[in-house]
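Residue-level listing of the chains:
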Amino acid sequence: MEQYVIKGGNPLVGEVTIGGAKNAALGIITAAIMADEPVLLENMPDVSDISALLGAVSNIGASVTKRDRHTVLINGSTISDINVEYESIKKIRASYYLLGALLGKFKRAVVPLPGGCNIGSRPIDQHIKGFEALGADVKIQYGSVIAVAENLHGAHIYLDMASVGATINIMMAATLASGNTIIENAAREPHVVDVANFLNSMGANIKGAGTEVIRIKGVEKLHRSEYSIVPDMIEAGTYMMAAAATKGDILIKNVIPKHLEAITAKLQEIGCQVEEFDDSVRVSAKGRVGRTNIKTQPYPGYPTDMQPQMAAVLTTAVGPSIITESIFENRFKYADELARMGARIKVEGTTAIIEGVEGLTGARVSATDLRAGAALVIAALSAEGFSVIDEIGYIQRGYEDFEVKLASLGGQIKKIRTERELQRFIFRAG
Ligand code: UD1
């Protein structure tokens, strides 16, 4: 079992380069298999969710060739099977994108119900509603979603909530349906826009991505493309929080500052310095941060995927903060772990109340999901003394070289596998 061992207390200082967005890449990999020609994808993050999805598309017969660590060539012309195996995708939530992609391309798809981070019940009724509106017959049998369409056609679809997954999934299927589709109350996240841009680069006709109304004119087929994935706003935001929590000074490179505006605004509100450049942001903090309230919302609101990391920062704010989670029902499981580090955090339903304390102290804690794991690392880097973080597999799903990048900023962090390695780290850092 791998763990992180961390000795906190060092301000993180230096430069870090952000990779491609995991959540965009998941949609783009599945969209890529809809073409019968080779597609070259660049700026692909090397994280375990992406490897799992590449494995899954390869299992159904797509050709997947890694050119280098961040570049992959995918050719969907060789797909021989529309049945996706449970084993290959059980851990990734975004496996549901295979439904939209395969339904669009082959008018049939059999995909096991998704897994992913356990942050509350995560229904896919809006995806199914969309596929049905496009003319598909959808049923759930033996743990899989089976979607079949005699005639996949355009439709006018109104989403009950601005779901990222449903928007992308419907967009993919509608791209290869006949006629026009309108998605209303569509999600506006940058990764929705990135998947739409990528589909358009293969010959799709999608307009309005990034607004609440997306219009798709169905096309017969998609063609070859070369595409570079958008920078990961959540990875960037995580390093911004690491700077704030450790009273550091980090230049975060290869970002789109506009995507970070909600995060930037909150950091400025609590007294951090944030400077924006063309494709980088610099975050620095001195002393304890101020208090604030946060409510998670769909983009362009404050992102739910940045909620735990902000909670870690606010544990040592001057004064009480309130965090309201309005996207997922069970996203505070990390609160007990932060409490082990001395945080005063109380959860009531979808609200967490944090009484800022002067400082945290290291502890043995366990990542409860991907972003919660990142939050615990940030807390541990700011805490006095040693922490050991278990279940770091969650973190590796979405952060490439997390410990390497943090160590390059002066963080005392190491990935370890044995008690001996732990003792050696403690001896050296001691
Ligand atoms: C995506 C992101 C995830 C992020 C989330 C919200 C990926 C792979 N994951 O997840 O990191 O936290 O957006 O920004 O991109 N809902 C339904 N029915 C549905 C679909 C969604 O009730 O059919 C609900 C969900 O339970 C949730 C809300 O809608 O409460 C938003 O979910 P959604 O935007 O779909 O999130 P994901 O696509 O799963």
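The shown structure was predicted, so the numbers you read here are calculated from the model rather than taken from an experiment. (Residues numbered from 1 in each chain as written. Predicted model: local features only at pLDDT ≥ 70, side-chain atom pairs only at ≥ 80, totals over all residues. Heavy atoms only, no water.)

### Some thoughts on the environment of Ala25
Assignment of secondary structure puts Ala25 in helix H1 (residues 22-32). Sequence separation between Ala25 and His191 is 166 residues, and the spatial gap between their C-alpha atoms is 8.2 Å. Ignoring sequence-local partners within four residues, the contact set of Ala25 consists of Met44, Pro45, Ile50 and Ile229. (Helix = DSSP H or I, 4+ residues; strand = E, 2+ residues; numbered from the N terminus. Contact = heavy atoms within 4.5 Å.)

### What to know about the nonpolar core
Formed by 81 residues in total, the largest nonpolar core has its most connected members in Ile33, Leu41, Leu98, Met171 and Leu199. If we skip the residues at most four places from it in the chain, Leu199 touches Ala31, Met34, Met171, Met172, Thr175, Ala204, Ile206 and Leu222. Counting residues in each nonpolar core, the second largest holds 72 residues, with Ala243, Ile263, Val283 and Ala383 among its members. (Core = buried A, V, L, I, M, F, W, Y, C linked by side-chain atoms within 4.5 Å. Buried < 20%, exposed > 50% of the residue type's maximum accessible area, 1.4 Å probe, protein only.)

### What about the sheet that holds strand S6 (residues 108-112)?
Strand pairing in a sheet is mediated by backbone hydrogen bonds. Such pairs are either parallel or antiparallel. Strands sit in the order S6-S8-S7 across an open sheet of three strands; the sheet is antiparallel. Edge positions in the sheet fall to S6 and strand S7 (137-141), since each has one partner strand and no second. Between one strand and the next, the sheet's axes are offset by a mean angle of 15 degrees, whatever the strand orientation. Direction of pairing for S6 relative to strand S8 (residues 144-148): antiparallel, over a ladder of five bridges. Residue Val110 lies in a different strand from S8, and its bridge partner there is Ile146. Running at roughly 160 degrees to S6, helix H4 (residues 97-106) makes contact with S6 and S8 of the sheet. (Pairing = 2+ DSSP bridges. Axes fitted to C-alpha atoms, helices over the stretch in contact; angles between N-to-C directions.)

### Notes on the site of the ligand
Looking at the ligand, there are 21 residues lining it, with Asp125, Gln126, Ser163, Asp305 and Ile327 nearest. Within the side chain of Ser163, a nitrogen or oxygen atom sits 2.6 Å from an oxygen atom of the ligand. A distance of 2.4 Å separates an oxygen atom of the ligand from a polar backbone atom of Ile327. Calculation on the ligand without its partners gives an accessible area of 740 Å², and the protein chains cover 88% of this total. Of all elements in the fold, only H1, helix H5 (125-133) and helix H6 (164-175) reach the threshold of two or more residues within the shell around the ligand. (Near = heavy atom within 4 Å. Polar contact = N/O pair within 3.5 Å; in protein donor to acceptor, adjacent residues only side chain to side chain. Areas by Shrake-Rupley, 256 points an atom, 1.4 Å probe, with all protein chains shown as cover.)

### Brief notes about H6
End to end, H6 covers 17 Å across twelve residues, agreeing with the expected 16 Å (1.5 Å per residue, within 8%). Most of H6 is tucked away: eleven of the twelve residues are buried. Burial in H6 covers these residues: Gly165, Ala166, Thr167, Ile168, Asn169, Ile170, Met171, Met172, Ala173, Ala174 and Thr175. Two or three places before Gly165, at the opening of H6, Ser163 has a side-chain oxygen 3.4 Å from that residue's backbone nitrogen. (Expected span 1.5 Å × (residues − 1).)

### Observations concerning the side chain of Lys405
Along the chain, Lys405 falls in helix H14 (residues 402-408). Owing to a relative accessible area of 14%, Lys405 belongs among the buried residues under this scheme. Contacts of Lys405, omitting those with residues within four sequence positions, involve Val16, Thr17, Ile18, Gly19, Glu235, Tyr239 and Glu400.

### Overview of the sheet that holds strand S1 (residues 3-8)
Strand order in the open sheet formed by four strands is S21-S22-S1-S23, and the pairing between neighbours is mixed. Since the sheet does not close on itself, it has two edges, and those belong to strand S21 (364-366) and strand S23 (412-416), each with one partner. Taking the axes of each pair of neighbouring strands and ignoring which way they run, one obtains an average angle of 20 degrees across the sheet. The sheet contacts of helix H12 (residues 370-382) involve S1, S21, strand S22 (385-390) and S23, and relative to S1 the element is tilted by about 30 degrees. Across the sheet, helix H15 (residues 419-429) touches S1, S22 and S23, and the angle it forms with S23 is around 165 degrees.

### With respect to helix H9 (residues 261-269)
Residues that lie three or four places apart on an α-helix share one face, since the helix turns once every 3.6 residues. Three or more residues of H9 are buried, namely Ala262, Ile263, Thr264, Lys266 and Leu267. Phi turns positive, to about 100 degrees, at Gly271, one or two residues after H9.

### Re the packing of aromatic side chains
Counting across every chain of the model gives six aromatic pairs. Between Phe386 and Phe425, the ring centres sit 6.2 Å apart and the planes meet at 80 degrees, which makes this aromatic pair edge-to-face. In this pair, Phe386 is assigned in strand S22 and Phe425 in helix H15, connecting sequence segments 39 residues apart. Exposure remark for Phe386: the relative accessible area of 27% places this residue in the partly exposed category. An aromatic cluster is defined as three or more aromatic residues linked by ring pairs; in this entry it consists of Tyr239, Tyr399 and Phe402. (Phe/Tyr/Trp six-rings, centres within 6.5 Å; stacked < 30°, edge-to-face > 60°.)

### Comments concerning the domain arrangement of the protein chain
Examined at the domain level, the protein chain breaks down into domain 1 (3-19 + 231-429) and domain 2 (22-228). For domain 1 and domain 2, the distance between their C-alpha centres works out to 31 Å. Listed per partner, the contact involves 26 residues of domain 1 and 23 residues of domain 2. Taking both partners together, domain 1 and domain 2 bury about 1900 Å²; carbon and sulfur atoms supply 49% of that area. The largest contributions to the domain 1 side of the interface with domain 2 come from Tyr299, Arg397 and Glu400, which together make up 36% of the buried area. Seen at the junction of domain 1 and domain 2, the total is three salt bridges. Where Asp49 meets Arg397, a salt bridge forms, and the shortest distance between an N and an O atom there is 2.9 Å. (Domains from an automatic or database assignment. Buried area = accessible area lost by both parts, 1.4 Å probe. Salt bridge = Lys/Arg side-chain N within 4 Å of Asp/Glu carboxyl O.)

### Some remarks on unusual backbone geometry
Omega for the peptide link from Tyr299 to Pro300 comes to 10 degrees, which places this bond in the cis form. When you line up the elements, Pro300 lands in the loop between strand S17 (293-295) and helix H10 (307-314). A positive phi is found at Asn254, a non-glycine position, where the angle reads about 65 degrees. Residue placement: Asn254 occurs in the loop between strand S14 (249-253) and H9.

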